[in-house]
Amino acid sequence: MEQEIVLLGAGYAGIAFLDTVIPELTADVRITVIDRLPFHGIKPEFYSLASGSANEEAVKSPFPQHSQVTYLQDEIEEIQIAHHKVICGTREVPFTHLIVALGSIDHYFNVPWAEEFTESIQTFAGAMKARGSVAKLQEDAHVAIIGGGLSGVEFAADLREQFPKLRITILERSESILPTLPVKLHTYVHNYLEDQNIQILTGIQVTLVEQGFVHYAFQEHPISFDLCCWAAGIKPNPVANPLLAYSNGDKMNRILVKDTYELPYLNDVFVIGDCCSSPFAPSAQLAAIQGKQLASYFIALWHNREYNPAPVKLKGVLGYLGKKKGFGMINENVIVGKLPNIIKSGILWLHKHHMG
Ligand SMILES: Cc1cc2nc3c(=O)[nH]c(=O)nc-3n(C[C@H](O)[C@H](O)[C@H](O)COP(=O)(O)OP(=O)(O)OC[C@H]3O[C@@H](n4cnc5c(N)ncnc54)[C@H](O)[C@@H]3O)c2cc1C
């Protein structure tokens with residue numbers, strides 16, 4: 001039977017799926033990929049696009065090509081399950097099989113005006129807009145970064161390297177930055193950032209953002225800023241929400257799926273990446289594993305083989321602190337200094353060239 005597979009999103013999960021299935025495609029399969037971007041955007045590097053330390057080409061990778069794979073550049077607006085079609089800005093696309101790999105968006109936790117008055121590094125367009133705003137700052141301007149997780153920390157360190165006189169403050173809700181990492185690691189990063197003259201305020205519950213000011217709980221006086229970046233949390237792309245009618249959401253509202261990534265109460269619709277529930281936190285690494293596993297499920301179907309996915313095993317976390325230093329944890333071992341940067345750069349290079 002002919003399969004018209006429509007893949008929504010060519011990010012980490014989508015590209016891993018494509019790279020794995022393309023060599024194994026059978027003649028009766030067509031894949032249509034829809035993404036708003038005409039290239040694969042390397043999201044973990046978007047902070048460097050925003051800071052100005054990397055150019056656009058550094059965070060782009062070409063789509064893998066095959067005569068049975070078509071790419072449509074469009075904005076996906078709605079998934080109509082009942083009609084087996086996807087509604088986009090300029091067209092409607094029918095499917096027999098649907099794979100949703102739309103990633104996540106900023107979560108503003110209902111903080112008033114946060115979306116309006118902060119910059120985002122979640123999308124290519126957002127990072128490009130932030131880049132424009134950063135470029136216009138005075139040399140001693142104040143940048144407030146809300147969120148001391150991986151993306152906030154990497155952005156702060158990278159900005160510092162670009163702009164030595166900028167005043168930079170990280171505002172973090174937890175009692176430490178990088179709260180999910182071991183104490184030894186987040187203490188190292190904290191001390192390193194403070195040595196770089198980056199102010200870190202922890203236990204800060206942001207309650208309101210307005211033009212030029214961040215307000216936070218139990219404080220009369222807000223913090224003023226020239227530029228504010230929101231890096232405080234993510235949630236699954238709401239375009240995927242109609243699929244919750246055929247499954248349940250986890251506590252992050254990520255969609256629960258079977259071990260084949262198919263919805264539990266709807267055949268032939270699959271979810272991978274940041275939209276897909278997992279015992280693990282969302283990450284590029286996890287999204288890529290899920291993309292590869294779903295690919296191996298389709299390949300098994302096409303070639304009448306058994307589908308035996310290996311349990312998901314993550315290798316660890318790596319973060320940049322500018323171009324020369326980094327931090328990370330690989331197989332439970334803490335590493336800091338130059339090595340994590342070298343490893344992370346190598347992983348990104350392999351990813352960019354579709355080799356990992
Ligand atoms: C600044 C930053 C740093 C990060 N650092 C790391 C890191 O060091 N390590 C790590 O493992 N993870 C990191 N992450 C997280 C990682 O990037 C994500 O977990 C990963 O990209 C998720 O993959 P995905 O395929 O689910 O979504 P994505 O890679 O985001 O792909 C989603 C795709 O869908 C497209 N899309 C979305 N909505 C629409 C629409 N409506 N219409 C058309 N197209 C649409 C997008 O253009 C995109 O191509 C970082 C994230 C950020 C923002």
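J.: Teacher, can you tell me more about the sheet that holds strand β21 (residues 316-321) here?
T.: Hydrogen bonds between backbone atoms are what pair the strands of a sheet, whose relative direction is either parallel or antiparallel. The three strands are arranged β21-β22-β23 in an open sheet whose pairing can be described as antiparallel. Both edges of this open sheet fall to β21 and β23 (333-337), since each of them pairs with a single strand only. With strand direction ignored, the average angle separating the axes of adjacent strands in the sheet is 5 degrees. Note that strand β22 (residues 325-330) and β23 share five bridges and pair antiparallel. Paired with Gly328 across the bridge in β23 is Ile335. Its contacts with the sheet put helix α6 (residues 183-195) on β21, β22 and β23, and the angle it makes with β22 is roughly 175 degrees.

J.: In this structure, what is going on with the sheet that holds strand β7 (residues 85-88)? I would like to understand it.
T.: A sheet is described by the order of its strands in space; here three strands give the open sequence β6-β7-β8, paired in antiparallel fashion. Each edge of the open sheet is held by one strand with a lone partner, namely β6 (76-80) and β8 (92-94). The average undirected angle you get between the axes of adjacent strands in this sheet is 20 degrees. By the bridge criterion, four bridges tie β6 to β7 in an arrangement that is antiparallel. Note on β7: the bridge partner recorded for Ile79 is Val86.

J.: Looking at this model, I keep getting lost on the nonpolar core. Mind explaining?
T.: The nonpolar side chains of soluble globular proteins are, as a tendency, buried together. In this structure, Ile145, Ile146, Ala156, Val214 and Cys229 are the most contacted members of the largest nonpolar core, which totals 52 residues. If one sorts the elements of this core by residue count, helix α5 (residues 150-162) sits on top with six residues. Not counting the four nearest positions on each side in its chain, Val214 is found in contact with Ala144, Ile146, Leu171, Val206, Val209, Pro222, Ile223, Phe225 and Cys228. Core analysis: the second largest hydrophobic core is formed by 46 residues, Ile5, Val6, Val21 and Ala287 among them.

J.: Looking at this structure, how should I read the pairing of β7?
T.: Each regular strand shows side chains that alternate between the opposite faces of the sheet. With antiparallel pairing between neighbouring strands as the criterion, β6 and β7 make up a hairpin whose turn holds four residues, including His84 at a positive phi of roughly 50 degrees. Both β7 and β8 contribute to a ladder of three bridges, which runs antiparallel. Along β8, the bridge assignment pairs Lys85 with Pro94.

Cut-offs applied
- Residues numbered from 1 in each chain as written.
- Predicted model: local features only at pLDDT ≥ 70, side-chain atom pairs only at ≥ 80, totals over all residues.
- Pairing = 2+ DSSP bridges.
- Helix = DSSP H or I, 4+ residues; strand = E, 2+ residues; numbered from the N terminus.
- Axes fitted to C-alpha atoms, helices over the stretch in contact; angles between N-to-C directions.
- Contact = placed C-beta atoms within 7 Å.
- Core = buried A, V, L, I, M, F, W, Y, C linked by C-beta atoms within 7 Å.
- Buried ≥ 20, exposed ≤ 12 C-beta atoms within 10 Å, placed from the backbone.

Read these as spatial facts, not as claims about activity.
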